[in-house]
Amino acid sequence: MNFENKVISREIGDILYASGLKVGTAESCTGGRIAEAIIAIPGASNYFNGGVIAYADEVKVNMLGVSGDVIADQTAVCEEVARQMVCGTIDALHVDYAIASTGFAGPGGGTPAIPVGTIWLACGTKDDIVTMKLTEDFGRDINLAIATSKALNLFLSYLKARQAKE
């Protein structure tokens, strides 16, 4: 894990620890990297309940309650699936917040309509979800590193915005 992710993870941890709230992850293309970054901070068990690596569509549907119809209509690499992964993770892991990723990291899997490098990130509560779409292909390893960093940054920004409202 790079230094920047560790700093972001610590800041996320500080906010969650102080609030008493918990987070979980649902990761498809990132395969656990977001969870790994969160638990790299000592004491993460106080605010991190766990993660689901929902690589297969069946896991998205059966464990996280993602709509099979949405996957059939839009593929698993779409904003709506990322949003549903957040909601399903909150229910499955009994957490306040969730972070989700779904995409084509490469080198294969992409289509002309959804090319490799397309990754949807989402985070939030069941009633307040923010999303981000990544679209550039830098090769699998870099795509995954970027997605992990962007997901952590998206969640940190989300938490700070919520704090500012309180």
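Heads up: the structure comes first, above all this text.
Calculation criteria
Residues numbered from 1 in each chain as written. Predicted model: local features only at pLDDT ≥ 70, side-chain atom pairs only at ≥ 80, totals over all residues. Heavy atoms only, no water. Pairing = 2+ DSSP bridges. Helix = DSSP H or I, 4+ residues; strand = E, 2+ residues; numbered from the N terminus. Right-handed = clockwise from strand over helix to strand, strands pointing away. Core = buried A, V, L, I, M, F, W, Y, C linked by side-chain atoms within 4.5 Å. Buried < 20%, exposed > 50% of the residue type's maximum accessible area, 1.4 Å probe, protein only. Contact = heavy atoms within 4.5 Å. Axes fitted to C-alpha atoms, helices over the stretch in contact; angles between N-to-C directions. Parallel < 35°, antiparallel > 145°, perpendicular 65-115°, else oblique. Left-handed = near helix turned anticlockwise from the far one by under 90°. Nonpolar A, V, L, I, M, F, W, Y, C, P; charged D, E, K, R; others polar. Phe/Tyr/Trp six-rings, centres within 6.5 Å; stacked < 30°, edge-to-face > 60°. Salt bridge = Lys/Arg side-chain N within 4 Å of Asp/Glu carboxyl O.

A. Focus on the pairing of strand β2 (residues 48–53). Relative to β2, strand β1 (residues 23–27) runs parallel, the two sharing five bridges. Each residue of the ladder has a partner; that of E27, found in β2, is I53. The parallel pair β1 and β2, bridged by helix α2 (residues 33–39), forms a crossover whose chirality is right-handed.

B. Summary view of the nonpolar core. With 30 residues, the main nonpolar core has I12, L16, I99, F155 and L159 as its most contacted residues. Mapped onto this core, the elements with two or more residues apiece are α1 (3–19), α2, β3 (97–103), β4 (119–125) and α6 (140–165). Ranked by residue count, the leading element in this core is α6, at nine residues. If we skip the residues at most four places from it in the chain, I12 touches L152, F155, L156 and L159. Grouped together as the second largest cluster of nonpolar side chains are 24 residues, I71, V77, A82 and V95 included.

C. Local environment of the packing of helix α3 (residues 57–64) against helix α5 (residues 79–93). Where α3 contacts α5, the two axes come as close as 9 Å, and the packing angle between them is 45°. With respect to each other, α3 and α5 are oriented oblique. The handedness of the crossing between α3 and α5 comes out as left-handed. Along its contact with α3, which presents K60, M63 and L64, the element α5 presents V81, Q84, M85, G88, T89 and A92. Here the contact of α3 with α5 is composed, by residue class, of five nonpolar, three polar and one charged.

D. Structural detail: the sheet that holds β1. In spatial order, the strands read β2-β1-β3-β4-β5; together these five strands make up an open sheet with mixed pairing. Strands with a single pairing partner mark the edges of an open sheet, and in this sheet they are β2 and β5 (128–134). Across the sheet, the mean angle separating the axes of adjacent strands is 10° when strand polarity is ignored. Summarising the sheet, β1 and β3 pair through five bridges and their orientation is parallel. Opposite A26, over in β3, you have A100 as the bridge partner. In the packing of α6 onto the sheet, contacts are made with β1, β3, β4 and β5, and the angle to β4 comes to roughly 25°.

E. Up close: the packing of aromatic side chains. A full pass over the atoms with the stated rule returns three aromatic pairs. Taking the centre distance of 5.9 Å and the plane angle of 85° together, the rings of Y97 and Y158 count as edge-to-face. Highlighted residues: Y97 in strand β3 and Y158 in helix α6, separated in sequence by 61 residues. Taking the relative accessible area as the measure of exposure, Y97 reaches 6% and is therefore buried. Site record: aromatic cluster; members linked through ring pairs are Y97, F155 and Y158.

F. Spatial organisation of the pattern of salt bridges. Applying the stated criterion across every chain yields a total of five salt bridges. With its nearest N and O atoms 3.6 Å apart, the salt bridge here joins D57 to K60. Here D57 and its partner K60 are both found in helix α3, three residues apart, which amounts to about one turn of the helix. With a relative accessible area of 1%, K60 lands in the buried category. For the salt bridge of D128 with R162, the shortest nitrogen-to-oxygen distance reads 3.1 Å. Of this pair, D128 sits in strand β5 while R162 sits in helix α6; the two residues are 34 residues apart in sequence, bridging distant segments of the chain. Judged by its relative accessible area of 26%, D128 falls in the partly exposed class. For R162, a relative accessible area of 25% translates into the label partly exposed.

Interpretation note: all reported values are geometric properties and have no functional meaning in isolation.
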